[in-house]
Amino acid sequence: MRDGPKILIGTLIALGFLGLPLLWNAVARAQATPNPSLDTPRIRSMPEKRGVMEKLLTDGPVLIHLDARRDGVNVPASHRTDPKLVLRLGFDLRPAIPDLVVDSDGIRATLSFRGVPSPCVVPWTAVYAIVGVDDRGLVWREDTPPEAALDFSRGPWLIGDSN
């Protein structure tokens, strides 16, 4: 069985499907480019939060996890010191959020807290996780406060199914 590759290559050369120059070039390329080590960390760029938010909103309600202590966040005073605040946003919720805006600066909307409407502003720098109705979402580790780090220790970035 160990001679299988040798027999296959010999047969391909004999039949004219594989010439010696082509074979030598392939061997040289294979030797010149080593396989990456599995221990070598891969650098992956994270998608923009706005794009993730917009995509998940098309599928239904979204939960955003944010650090309400960050600059630019405007939520009711009782929540301003919460590093693990979760807000539910969507276009078809009850009560409705008629003024929901997702733009390059972040998210703006009038949200209901215990039945009291409150204008809210959440800049993207305060958001560290976005989760859709089907539990798919992303965590931005670099923006996750230490108080919430253990909540998202399951994987490097992805929550739920990767499809």
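None of the values given here were measured: they were computed from a predicted structure.

A. Local environment of the nonpolar core. Residues Met53, Ile64, Leu66, Ile107 and Ile130 are the most contacted members of the largest nonpolar core, which totals 29 residues. Those elements that provide at least two residues to this core are helix H3 (49–59), strand S1 (62–66), strand S2 (85–89), strand S4 (106–113), strand S5 (116–123) and strand S6 (127–132). In this structure, isoleucine 64 is in contact with Met53, Leu85, Val86, Leu87, Leu89, Ile107, Val122, Ala129 and Ile130, ignoring residues within four places of it in sequence. Counting 5 residues, the second-largest nonpolar core is a separate cluster that includes Ala129, Val139, Ala148 and Phe152.

B. The arrangement of H3 in detail. Burial in H3 covers these residues: Lys49, Val52, Met53, Leu56 and Leu57. Along the axis of H3, the buried residues cluster in a sector spanning 130°; they form a single face. Considering only its buried residues, H3 is in contact with S1, S2, strand S3 (101–102), S4, S6 and strand S7 (137–139). Count one or two residues on from H3 and you reach glycine 60, which has phi positive near 145°.

C. Main features of the pattern of salt bridges. Throughout the structure, instances matching the rule amount to 9 salt bridges. Of the charged contacts in the structure, one is a salt bridge between aspartate 103 and arginine 108, with a shortest N-O distance of 2.8 Å. Three or more residues joined by partner-sharing salt bridges are found here, namely Lys55, Asp59, Asp134 and Arg136.

D. The side chain of aspartate 103, seen in detail. Of note, aspartate 103 is situated in the loop between S3 and S4. The buried category is assigned to aspartate 103, whose relative accessible area is 17%. Within the structure, the side chain of aspartate 103 is placed 2.9 Å from the backbone nitrogen of aspartate 105, a separation counted as a polar contact. The residues contacting aspartate 103, other than those within four sequence positions of it, are Arg50, Arg108 and Trp124.

E. Quick look at unusual backbone geometry. In this chain, arginine 94 is followed by proline 95 through a cis amide linkage whose omega measures 0°. Mapped onto the elements of the fold, proline 95 is located in the loop between S2 and S3. Look at arginine 114: it is not a glycine, yet its phi comes out positive at around 55°. Looking at arginine 114, the relative accessible area reads 88%, which means it is exposed.

Rules used in this analysis
- Residues numbered from 1 in each chain as written.
- Predicted model: local features only at pLDDT ≥ 70, side-chain atom pairs only at ≥ 80, totals over all residues.
- Heavy atoms only, no water.
- Core = buried A, V, L, I, M, F, W, Y, C linked by side-chain atoms within 4.5 Å.
- Buried < 20%, exposed > 50% of the residue type's maximum accessible area, 1.4 Å probe, protein only.
- Helix = DSSP H or I, 4+ residues; strand = E, 2+ residues; numbered from the N terminus.
- Contact = heavy atoms within 4.5 Å.
- Arc of directions from axis to C-beta.
- Salt bridge = Lys/Arg side-chain N within 4 Å of Asp/Glu carboxyl O.
- Polar contact = N/O pair within 3.5 Å; in protein donor to acceptor, adjacent residues only side chain to side chain.

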